[in-house]
Amino acid sequence: MAQIPNLDNAPLNLSSLRDQSRKEIINILTNIRGSKCLVVDPKLGGSLSLIVQTSVLKEHGAEVRHLKADPVQTDCTKVVYLVRSQPDLMKLICSHIHNDSSKGLQREYYIYFVPRRAIACEKILEDEKVHHMMTIGECPLYVIPCDEDVLSFELDLAYKECLVDGDTTSLWHIAKAIHKLEFSFGLIPNVRAKGKSSVRVADILGRMQVEEPVNTSDMAVPEINTLILIDREVDMVTPMCTQLTYEGLLDELLRINNGAVEIDASIMGGPQDGKKAKVPLNSSDKLFKEIRDLNFEVVVQVLRQKATSMKQDYTDMTTTSQTVSELKDFVRKLNSLPEITRHINLAQHLSTSTSKPSFLARLDMEHTLVEAESFDICFEYIEEMIHKQEPLLNVLRLLILFSVTNSGLPKKSFDHLRRELLHSYGFEHMATLSNLEKAGLFKKQEPKSNWQIIKNDLQLIVEDTNTANPKDISYVFSGYAPLSVRLIDKAIRYGWRPIEHLLKLLPGPHSETKRSGFASSTSFDSLPGAAYSTNKVGDGRRSLALVVFIGGVTYAEISALRFLSSQEGMPHELIVASTNIVNGHTLADTFVEKLG
């Protein structure tokens with residue numbers, strides 16, 4: 001099965017977006033005649049795999065390599081670098097060119113920045129005296145379709161850059177990506193933002209419309225009716241909890257990278273020779289599409305039913321005489337056997353982890369932290385983890401959850417845990433803790449915690465969650481409803497006004513904008529019974545709401561949004577875009593200072 005997702009059923013014409021990106025890359029290769037070595041920044045390599053197959057790059061005369069510290073080994077005289085605008089990558093490229101010069105190699109160098117060039121990077125090339133040897137260009141890949149309803153801006157470090165480094169370059173990129181979407185699908189009339197970065201993106205988007213307007217006069221009803229922008233900072237509780245949907249759990253335990261997991265081939269039934277198998281996970285796999293958003297408990301039952309039904313069909317086939325059409329039906333069912341086998345293998349592997357007492361104890365502790373009612377028990381649990389030297393990211397994840405749900409820790413507890421952490425994991429982590437403090441994720445307690453009010457008013461804890469037949473989004477965490485998705489639900493149905501009192505208790509400002517050009521179209525905000533009015537696009541489909549997470553989204557949140565989208569009375573179909581896809585580990589890891 002291909003790793004490039006099939007986008008035929010996407011609610012927007014995402015195939016045209018992907019085709020445009022593919023064209024940008026192929027144009028670069030076509031314009032450089034003859035054979036060349038394409039050296040790709042490893043982070044971009046994953047993104048490219050969702051756009052264009054390596055075989056297509058080879059057809060256009062490119063040998064493909066990943067950018068590493070080692071010099072490029074190739075017989076090609078033309079070397080093309082495709083990289084993000086990051087200073088550390090410039091230093092690698094400079095070292096390659098100096099190495100070639102020292103060996104007397106005569107090569108032509110090209111560097112294409114994704115999505116745009118940066119002065120700071122070109123300054124490094126000038127300082128290293130290689131700028132004049134290079135042809136410099138841009139490859140404007142602002143947004144990558146990861147699946148039918150998920151887009152990524154591929155900005156992994158946006159959250160830390162904004163909160164800790166004060167670098168807001170990524171916000172311009174996000175606004176630019178949304179503005180590009182508007183040129184394809186129409187100006188978005190309603191914009192609602194929550195959080196400092198989100199409000200800033202909404203402002204930049206407004207400026208871009210003034211400077212380079214999307215023409216609204218010749219457009220029919222825009223395909224995207226509402227844009228919801230939300231900062232990850234607004235809800236740091238959700239990503240720190242363990243996701244319990246099938247796709248979320250695969251990401252927690254195996255790490256999904258660019259729509260695939262890489263695991264030991266033996267897990268998938270191969271020989272135990274240490275080889276790796278890459279398993280694509282996207283909606284092109286019909287069974288995965290059916291089970292990805294279910295709670296993992298239910299997935300095991302579904303797979304069991306499918307296997308039992310197939311076994312029964314097989315028994316029937318061997319004991320009775322079949323007509324040709326019955327044989328044909330049976331063979332058609334057999335075609336789904338590889339998918340069933342694949343997911344049974346994966347589910348079996350996940351089950352070994354989810355049945356461990358340590359996994360269950362952790363889930364229990366997360367639930368206690370979210371309830372924010374047993375401070376001493378939580379404090380002792382984290383202290384014990386530090387003393388046992390459990391993996392640092394496991395500790396940081398619970399520490400962030402502890403701090404966020406309690407509006408920080410009392411000074412004495414804060415100082416104690418900080419000291420214990422540094423003793424246990426080394427004083428080089430002072431910078432890590434400092435990053436977390438700057439981001440407000442590990443701090444001294446403020447006078448009163450807002451968490452209890454938010455938790456109760458938005459009904460974030462749901463006692464009797466039915467995971468098999470869910471009636472509420474809380475099924476994705478077996479009893480906790482993601483705060484972010486509760487807010488998005490309110491924003492889409494009613495706008496911010498009815499929950500202003502709650503928004504003020506959460507980090508950052510909020511804004512709500514009606515954009516000009518649509519005087520004639522009634523926004524459903526102004527209609528009575530807004531929750532149940534449905535905006536239709538020309539052909540009778542529901543119009544779309546684009547939900548943008550700045551700082552990362554989890555698979556569990558995407559599942560919860562898909563659930564919302566399928567509910568009766570939801571005015572819009574939802575499509576999700578994010579700087580990147582995260583879980584508690586990957587998010588905590590961005591704050592860990594890697595020395596040297």
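Refer to the structure presented above.
Residues numbered from 1 in each chain as written. Predicted model: local features only at pLDDT ≥ 70, side-chain atom pairs only at ≥ 80, totals over all residues. Heavy atoms only, no water.

Student: Go over the overall build of the chain, please, and point to the residues and values.
Tutor: Of regular secondary structure, the chain possesses 24 helices and 14 strands. Within the chain, buried positions represent 55% of all 596 residues. At a minimum sequence separation of 6, the contacts of the chain that also span at least 24 residues come to 78%. In the form shown here, the chain has an accessible surface area of approximately 26,500 Å², with 51% of it arising from carbon and sulfur atoms. Across the chain, the 67 positively charged side chains and the 76 negatively charged ones have centroids separated by 2 Å. (Helix = DSSP H or I, 4+ residues; strand = E, 2+ residues; numbered from the N terminus. Buried < 20%, exposed > 50% of the residue type's maximum accessible area, 1.4 Å probe, protein only. Contact = heavy atoms within 4.5 Å. Areas by Shrake-Rupley, 256 points an atom, 1.4 Å probe, with all protein chains shown as cover. Lys, Arg positive; Asp, Glu negative; His and termini not counted. Charge placed at Lys NZ, Arg CZ, Asp CG, Glu CD.)

Student: Account for the packing of helix H15 (residues 357-371) against helix H16 (residues 375-387), with residues named and values stated.
Tutor: Relative to each other, H15 and H16 sit at 140 degrees, their axes nearing to 10 Å. As judged from the angle between their axes, H15 and H16 are oblique. As H15 packs across H16, the resulting crossing turns out to be left-handed. Of H16, the residues touching H15 (which contributes Ala361, Arg362, Met365, Thr368 and Leu369) are Ile377, Cys378, Tyr381 and Met385. Partitioning the contact of H15 with H16 into residue classes produces 7 nonpolar, 1 polar and 1 charged. (Axes fitted to C-alpha atoms, helices over the stretch in contact; angles between N-to-C directions. Parallel < 35°, antiparallel > 145°, perpendicular 65-115°, else oblique. Left-handed = near helix turned anticlockwise from the far one by under 90°. Nonpolar A, V, L, I, M, F, W, Y, C, P; charged D, E, K, R; others polar.)

Student: Which residues make up the packing of aromatic side chains, and what values go with them?
Tutor: A complete count under the given rule lists 9 aromatic pairs for this structure. Measuring from ring centre to ring centre gives 5.6 Å for tyrosine 159 and phenylalanine 591, while their planes differ by 85 degrees; the resulting arrangement is edge-to-face. Remark: phenylalanine 591 occurs in the segment after helix H24 (584-589) and tyrosine 159 occurs in helix H6 (residues 158-165); sequence separation between them is 432 residues. Each member of the pair tyrosine 159 and phenylalanine 591 is classed as buried. Taken together, the aromatic side chains of Tyr246, Phe288 and Phe296 make up a single cluster linked through ring pairs. Across the ring face of tryptophan 172, the terminal group of arginine 116 is positioned such that the distance to the ring centre comes to 3.7 Å. (Phe/Tyr/Trp six-rings, centres within 6.5 Å; stacked < 30°, edge-to-face > 60°. Lys NZ or Arg CZ within 6 Å of the ring centre and 35° of its normal.)

Student: Go over the environment of histidine 501 with me, naming the residues and quoting the values.
Tutor: Among the structural elements, histidine 501 can be located in helix H22 (residues 500-503). Overall, histidine 501 belongs to the partly exposed group, its relative accessible area being 47%. Taking the C-alpha atoms as reference points, histidine 501 and lysine 471, separated by 30 residues in sequence, lie 27 Å from one another.

Student: Explain the sheet that holds strand E1 (residues 36-40) to me, and be specific about the residues and the numbers.
Tutor: Taken together, the 5 strands give an open sheet; going across it, the order is E2-E1-E3-E4-E5, and neighbouring strands pair in parallel fashion. Each edge of the open sheet is held by one strand with a lone partner, namely strand E2 (62-66) and strand E5 (134-138). Here the average twist between neighbouring strands, direction ignored, is 20 degrees. (Pairing = 2+ DSSP bridges.)

Student: Break down the sheet that holds strand E13 (residues 544-550) for me, with residues and values.
Tutor: Spatial strand order, E6-E7-E14-E13-E9-E8-E12: 7 strands in an open sheet with mixed pairing. Of all the strands in the sheet, the pair left with one neighbour each is strand E6 (144-147) and strand E12 (510-514). Along the sheet, successive strands turn relative to each other by an average axial angle of 20 degrees, direction set aside. Across 3 bridges, the pairing between strand E7 (residues 150-152) and strand E14 (residues 573-578) is parallel. Counterpart to leucine 151 in the pairing with E14 is alanine 577.

Student: For the nonpolar core, give the residues involved together with the corresponding values.
Tutor: One finds Tyr246, Leu250, Leu346, Tyr480, Leu483, Leu487 and Leu561 to be the most contacted residues of the largest nonpolar core, which totals 127 residues. No other element matches the 8 residues that helix H17 (residues 392-405) contributes to this core. If sequence neighbours within four positions are ignored, tyrosine 246 has contacts with Phe288, Ile291, Arg292, Leu294, Phe296, Val299, His343, Leu346, Ala347 and Leu350. Judged by nonpolar contacts, the second largest core, of 37 residues, contains Leu7, Ala177, Leu181 and Ile550. (Core = buried A, V, L, I, M, F, W, Y, C linked by side-chain atoms within 4.5 Å.)

Student: Give me the environment of serine 374: which residues, what numbers.
Tutor: On the secondary structure map, serine 374 appears in the loop between H15 and H16. Along the sequence, serine 374 and leucine 502 sit 128 residues apart, while their C-alpha atoms lie 24 Å from each other.

Student: Which residues make up helix H23 (residues 555-565), and what values go with them?
Tutor: Buried residues dominate H23, accounting for 11 of its 11 residues. Looking at H23, one finds that the buried residues are Tyr555, Ala556, Glu557, Ile558, Ser559, Ala560, Leu561, Arg562, Phe563, Leu564 and Ser565. In this structure, the buried side of H23 is in contact with E7, helix H9 (237-240), helix H10 (246-254), helix H21 (483-494), E13 and E14.

Student: Summarise the pattern of salt bridges; cite the residues concerned and give the values.
Tutor: In total, this model carries 34 salt bridges according to the counting rule given. Lysine 176 is paired through a salt bridge with glutamate 212; the nearest N and O atoms lie 3.9 Å apart. Linking lysine 176 in helix H7 (residues 169-185) with glutamate 212 in the loop between helix H8 (196-211) and strand E9 (224-231), this pair joins segments that are 36 residues apart in sequence. For glutamate 212, a relative accessible area of 40% translates into the label partly exposed. Linking aspartate 273 and lysine 275 is a salt bridge whose minimum nitrogen-to-oxygen distance equals 3.7 Å. Taking the relative accessible area as the measure of exposure, lysine 275 reaches 56% and is therefore exposed. Overlapping salt bridges bring together Asp147, Asp149, Glu247, Arg292, Asp293 and Arg562 as one network. (Salt bridge = Lys/Arg side-chain N within 4 Å of Asp/Glu carboxyl O.)

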